[in-house]
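# Survey of secondary and tertiary structure
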Amino acid sequence: MLDIDPTGILVRYNVKLESELTPDEIARELFPRDILLRNIVEAVFEGDEDEVIVTLKDAVKEGKDPISLIDDALMAGMDIVSRLYEDGHLFLPDVMIASHAMTDGIEYCKQISGKTHEWKGTVVSYVVEGDIHDIGKKILTVLLKSNGYEVIDLGSDVPTDEVISAVLKYNPIMITGTSLMTTTMYSFMEVNNRLLENDIRIPLVCGGGAVTQDFVMNYELGIYCEDAALVPKIADSILMNKSIDELREQFHVH
Ligand code: B12
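Everything numeric here is computed off the predicted structure, so don't read it as measured data.

For the rest of this paragraph, the subject is the packing of aromatic side chains. A full pass over the atoms with the stated rule returns four aromatic pairs. Taking 5.8 Å as the distance between ring centres and 70° as the angle between the ring planes, the aromatic pair formed by Phe31 and Phe45 counts as edge-to-face. In this pair, Phe31 is assigned in the loop between helix H2 (23–30) and helix H3 (35–46) and Phe45 in helix H3, connecting sequence segments 14 residues apart. The same class applies to Phe31 and to Phe45, which are both buried.

For the rest of this paragraph, the subject is the coordination of the cobalt atom of the ligand. Among all protein atoms, only His133 (NE2) binds the cobalt atom of the ligand, sitting 2.2 Å from it. Examined against the element boundaries, His133 turns out to sit in the loop between strand S1 (121–127) and helix H7 (135–146).

Within the element layout of this structure, Lys137 appears in helix H7. At 3.0 Å, the side chain of Lys137 and the side chain of Asp153 are in polar contact. Contact partners of Lys137, with chain neighbours within four places excluded, come to Ser125, Tyr126, Val127, Asp153, Gly155 and Thr178.

A few words on the pattern of salt bridges. If you walk through the whole model with that rule in mind, you get twelve salt bridges. Arg83 is the salt-bridge partner of Asp79, the closest N and O atoms lying 3.9 Å from each other. Note that Asp79 and Arg83 are positioned in helix H5 (residues 66–86) at a spacing of four residues, about one turn of the helix. Within the structure, one salt-bridge network assembled from shared partners comprises Asp24, Arg28, Glu42 and Glu46.

Next up on the list: the domain arrangement of the chain. How big an interface is tends to be expressed through the accessible area that disappears when the partners come together. According to the domain assignment, the chain contains domain 1 (22–113) and domain 2 (121–251). Just the C-alpha atoms count here: the centres of domain 1 and domain 2 sit 27 Å apart. Listed as interface residues are eleven residues of domain 1 and, on the opposing side, eleven residues of domain 2. Where domain 1 packs against domain 2, one counts one salt bridge. With its nearest N and O atoms 3.6 Å apart, the salt bridge here joins Glu86 to Lys233. Inspection of the domain 1/domain 2 interface yields zero residue pairs in polar contact (both at pLDDT 80 or more). Sorting the residues of the side of domain 1 that touches domain 2 by element identifies H5 and helix H6 (92–113) as the ones contributing at least two each. Examining the composition of the side of domain 1 that touches domain 2, we find that six residues originate from one element, H5, more than from any other. When the residues that make up the side of domain 1 that touches domain 2 are grouped by side-chain class, the tally is seven nonpolar, two polar and two charged.

Let us now look at the nonpolar core. Leu74, Tyr126, Leu144, Met174, Ile175 and Phe188 are the most contacted members of the largest nonpolar core, which totals 79 residues. No other element matches H5, which puts eleven residues into this core. Two domains share this core, each providing at least three of its residues, namely domain 1 (22–113) and domain 2 (121–251). Apart from the residues lying within four places of it in its own chain, the contact partners of Met174 are Thr122, Val123, Val124, Leu144, Ile202, Pro203, Val205, Val231, Ile234, Ala235 and Ile238.

Positive phi values are uncommon outside glycine, yet Asp157 reaches one of about 55°. Residue placement: Asp157 occurs in the loop between strand S2 (149–153) and helix H8 (160–170). Asp157 gets classed as partly exposed once you look at its relative accessible area, which sits at 39%. Phi at Asn171 takes a positive value of approximately 50°, unusual for a residue other than glycine. Mapped onto the fold, Asn171 is located in the loop between H8 and strand S3 (174–178).

Close contacts around the ligand come from 25 residues, with Gly130, Ile132, His133, Asp134 and Thr182 the closest. Measuring from a nitrogen atom of the ligand, one finds a backbone N or O atom of Gly130 at 2.9 Å. A distance of 2.7 Å is found between a nitrogen atom of the ligand and a side-chain nitrogen or oxygen belonging to Asp134. Among the secondary structure elements, those contributing two or more residues to the shell around the ligand are H7, S3 and strand S4 (204–207). Among the elements that take part in the shell around the ligand, H7 stands out by supplying four residues, more than any other. Within the shell around the ligand, the residues separate by chemical class into eleven nonpolar, ten polar and four charged.

The rules behind each value
Residues numbered from 1 in each chain as written. Predicted model: local features only at pLDDT ≥ 70, side-chain atom pairs only at ≥ 80, totals over all residues. Heavy atoms only, no water. Phe/Tyr/Trp six-rings, centres within 6.5 Å; stacked < 30°, edge-to-face > 60°. Helix = DSSP H or I, 4+ residues; strand = E, 2+ residues; numbered from the N terminus. Buried < 20%, exposed > 50% of the residue type's maximum accessible area, 1.4 Å probe, protein only. Donors = N, O, S within 2.8 Å, 3.2 Å for Na, K, Ca; no water. Polar contact = N/O pair within 3.5 Å; in protein donor to acceptor, adjacent residues only side chain to side chain. Contact = heavy atoms within 4.5 Å. Salt bridge = Lys/Arg side-chain N within 4 Å of Asp/Glu carboxyl O. Domains from an automatic or database assignment. Nonpolar A, V, L, I, M, F, W, Y, C, P; charged D, E, K, R; others polar. Core = buried A, V, L, I, M, F, W, Y, C linked by side-chain atoms within 4.5 Å. Near = heavy atom within 4 Å.

Encoded structure:
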């Protein structure tokens, strides 16, 4: 038998737990003061789709503009979820559930206002041909939407032709490509070359388990990033007219 008094250890452990804030408590600190906005933000944070609509109706009844509510409440709520996810306080299912609640809310606001919401820009997202690993793409799609970008999500196992058609149709500020297998990632090069043939010089931001920075540096439009959470920041930098070289300088590991 070891001569250790367990009560001392347990007391210390409890003290540490009590002094740490829970994700809910951290989020509540970030909620807006305005009670109408706060209720919507909370419903998004909780991922409660029905409550999102109820709280939006209340806010509109009290005179709030439905289109402003998209930025001021729905995206604000999703922004809090994204921040807590980036900091490791929330997990992927929390992000997905909240994003569905936010998307329902955006649809509702658009429907009752009759106006269209101004996105910051459009992004085409896809998983390369032959690859069905789409969890990373789902994360970055949610994060982009919650940061004010329209995402044309082409899904997984997407042939190069389809990527190029979407780019020609939607005129995006950038493309995000995901690959998790060493056998599939070579199609990034194909997309790069077809873009250049069409004289389109938008960043092709690539990531996913199999992809490395050295590999992405092999093609002219390639930007590498390990973490999907950084993709909205890359989009923001593109809107500030950063060139491919500047983006590499800012986001690549040196
Ligand atoms: C889950 C999984 C599956 C699921 C996929 C479910 C789905 N809907 O995605 C299922 C079971 C279907 C599956 C099938 C297969 N899989 Co699998 N799978 C995995 C596993 C365990 C986890 C992948 C994952 O989702 N990770 C979590 C996500 C969040 O990580 P992520 O995608 O890498 O994304 C992060 C970053 O990379 C980044 N990111 C992702 N995309 C992007 C994009 C941009 C632009 C940026 C900036 C960042 C970014 O952001 C995310 C985090 O922030 C991996 C092993 C592993 N540890 O990676 C094997 C793995 C990827 N699979 C593998 C294989 C071989 C297969 C199969 C061929 C198996 C088989 N023999 O049938 C099939 C492939 C089918 C096909 N054609 O695609 C291999 C690939 C080996 C290789 N290097 O080529 C792995 C590595 C397992 C292994 N060690 O062998 N798989």
